[in-house]
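Structural features, examined
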Amino acid sequence: GAGVSQSPSNKVTEKGKDVELRCDPISGHTALYWYRQSLGQGLEFLIYFQGNSAPDKSGLPSDRFSAERTGGSVSTLTIQRTQQEDSAVYLCASSLAGTSGSSYEQYFGPGTRLTVT
Amino acid sequence: GENVEQHPSTLSVQEGDSAVIKCTYSDSASNYFPWYKQELGKRPQLIIDIRSNVGEKKDQRIAVTLNKTAKHFSLHITETQPEDSAVYFCAAPSYSGSARQLTFGSGTQLTVLP
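Keep in mind it's a predicted model, so treat the numbers as computed, not measured.

Calculation notes
Each chain has its residues counted from 1, running along the sequence as written. Throughout, the order in which chains and ligands are written sets their labels, letters from A for the former and numbers from 1 for the latter. Local features are withheld for residues below a pLDDT of 70 in this predicted model, meaning they are given only at 70 or higher, and side-chain atom pairs are given and counted only at 80 or more; totals for whole chains, interfaces and linings count all residues. With hydrogens and water excluded, all non-hydrogen atoms of the structure serve as input to the side-chain values. Each helix is a run of H or I in the DSSP string that is no shorter than four residues. Each strand is a run of E no shorter than two, and both are numbered from the N terminus. Burial status follows relative accessibility: with a 1.4 Å probe on protein chains alone, a residue under 20% of its type maximum counts as buried, one over 50% as exposed, and anything between as partly exposed. Between two residues, a contact is recorded if the distance between any of their heavy atoms is within 4.5 Å. Note on disulfides: each one is a pair of cysteine sulfur atoms within 2.5 Å. Strand pairing is defined by DSSP finding a minimum of two bridges between the two strands. Axes here mean lines fitted to C-alpha atoms, for a helix over just the part in contact, with angles spanning 0 to 180 degrees between N-to-C directions. Under this definition, polar contacts are N or O atom pairs within 3.5 Å; protein pairs additionally need one hydrogen-donor-capable and one acceptor-capable atom, and for neighbouring residues in sequence, both atoms have to be side-chain atoms. Within this scheme a cavity is a closed region of a 1 Å grid, computed over the protein atoms alone, that accommodates a 1.4 Å probe without allowing it to escape, whereas a pocket is open but has protein on both sides within 12 Å along at least five of seven lines; lining residues each have an atom within 4 Å of a point. Grid points are joined across faces, edges and corners, and a volume is the space filled by probe spheres set on the points. Throughout, the ten residues Ala, Val, Leu, Ile, Met, Phe, Trp, Tyr, Cys and Pro are labelled nonpolar, Asp, Glu, Lys and Arg are labelled charged, and all others, Gly among them, are labelled polar.

On to the overall build of chain B, then. Along the backbone of chain B there are 0 helices and 11 strands. In chain B, the succession of α and β elements from N to C terminus is β-β-β-β-β-β-β-β-β-β-β. Counting all 114 residues of chain B, 44% fall into the buried class. Considering only contacts within chain B whose residues lie at least 6 apart along the sequence, 53% involve residues at least 24 apart.

Before going further, it helps to examine the state of the cysteines. One pass over the structure, following the stated rule, counts 2 disulfides over all chains. Each sulfur of the disulfide joining A:C23 and A:C92 lies 1.8 Å from the other. Measuring the twist about the S-S bond at about -60 degrees, one finds the A:C23-A:C92 disulfide to be left-handed. Of this pair, A:C23 sits in strand β3 (residues 19-24) while A:C92 sits in strand β8 (residues 88-95); the two residues are 69 residues apart in sequence, bridging distant segments of the chain. Paired through a disulfide, B:C23 and B:C90 show a sulfur-sulfur distance of 1.9 Å. Disulfide B:C23-B:C90: torsion about the S-S bond near -95 degrees, hence left-handed. Of the two residues, B:C23 is situated in strand β3 (residues 19-24) and B:C90 in strand β9 (residues 86-96); the sequence distance between them amounts to 67 residues. Its relative accessible area of 1% is what places B:C23 among the buried residues.

For the rest of this paragraph, the subject is the sheet that holds strand β6 (residues 56-59) of chain B. Residue and element names in this part refer to chain B. In spatial order, the strands read β1-β3-β8-β7-β6; together these 5 strands make up an open sheet with antiparallel pairing. Every other strand in the sheet has two partners, leaving β1 (5-7) and β6 as the edge strands with one partner each. Averaged over all pairs of adjacent strands, the angle between their axes in this sheet comes to 15 degrees, without regard to strand direction. The sheet contact formed by β3 and strand β8 (residues 72-77) spans 6 bridges and is antiparallel. Residue pairing for β8: C23 is matched across the bridge by F73.

For the rest of this paragraph, the subject is the environment of B:E2. Residue and element names in this part refer to chain B. Within the secondary structure, E2 sits in the segment before β1. Distance from E2 to A91, taken between C-alpha atoms, is 9.7 Å for residues 89 residues apart in sequence. At 2.4 Å, the side chain of E2 and the side chain of S30 are in polar contact.

Time to look at the layout of surface pockets. Estimated volume of the largest pocket: approximately 670 Å³. Taken together, 30 residues form the lining of the largest pocket, with A:Q37, A:L39, A:G40, B:Q38 and B:L40 sitting closest to its centre. Within the residue set of the lining of the largest pocket, elements represented by two or more residues are β8 and β10 (112-116) of chain A together with β9 and β11 (108-113) of chain B. Here the lining of the largest pocket is built from residues that sort into 10 nonpolar, 16 polar and 4 charged. In this structure, the second largest pocket occupies an estimated 180 Å³ of space. If you trace the second largest pocket, you find 12 residues lining it, with A:F45, B:S94, B:Q101, B:L102 and B:T103 closest to the centre. Where the lining of the second largest pocket is concerned, the elements lending two or more residues are β9 and β10 (99-104) of chain B. Counting residues per element, the lining of the second largest pocket draws most heavily on β10(B), which supplies 4 residues.

Encoded structure:
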């Protein structure tokens, strides 16, 4: 079946502009995650959605970052007033997130490479 | 919350040699430990995982061992090949209220020299 998809694959924007990044999770996956990965760095957790529960926003680096998930499926990560330090690859992942260990497995999308000039 | 530490950050081995990457975790309730491989420019993908009811799991040249008492787990790659060159991430589940998620280690850049 189809995996996690993200769009756009690349985004170049000017400093100060707003950007929206989109993630389509695997159908039936109730959990959705956003991560940021700077060049040569690890996976920085940003936000986590699980079903209809309130999202875990503990990883968002500033109030310029926000995300929503409509209808329990597609998610949009919005970065307002972009700064050069926002340049990174933004990865989305989804999982079943049930009670058994295997449901923790996260399937990653291809990422959106954001460049702020 | 969970704290996952991963070592080493970089590792170079000769083709055919073995590679070992180690991770420690802090939450004794954690019960699932996956390893992800990320090739250059690609997305992370699960390569092997282990649950807390076993101490070792093997899949061809890859194995993972778990020591629950010491709260550490390791990835072992034998007979390394150039295509094993990638960044490897360990992870452990963490709980945020009723939410479950994975906390990732900082990654290990493995280079297999021909």
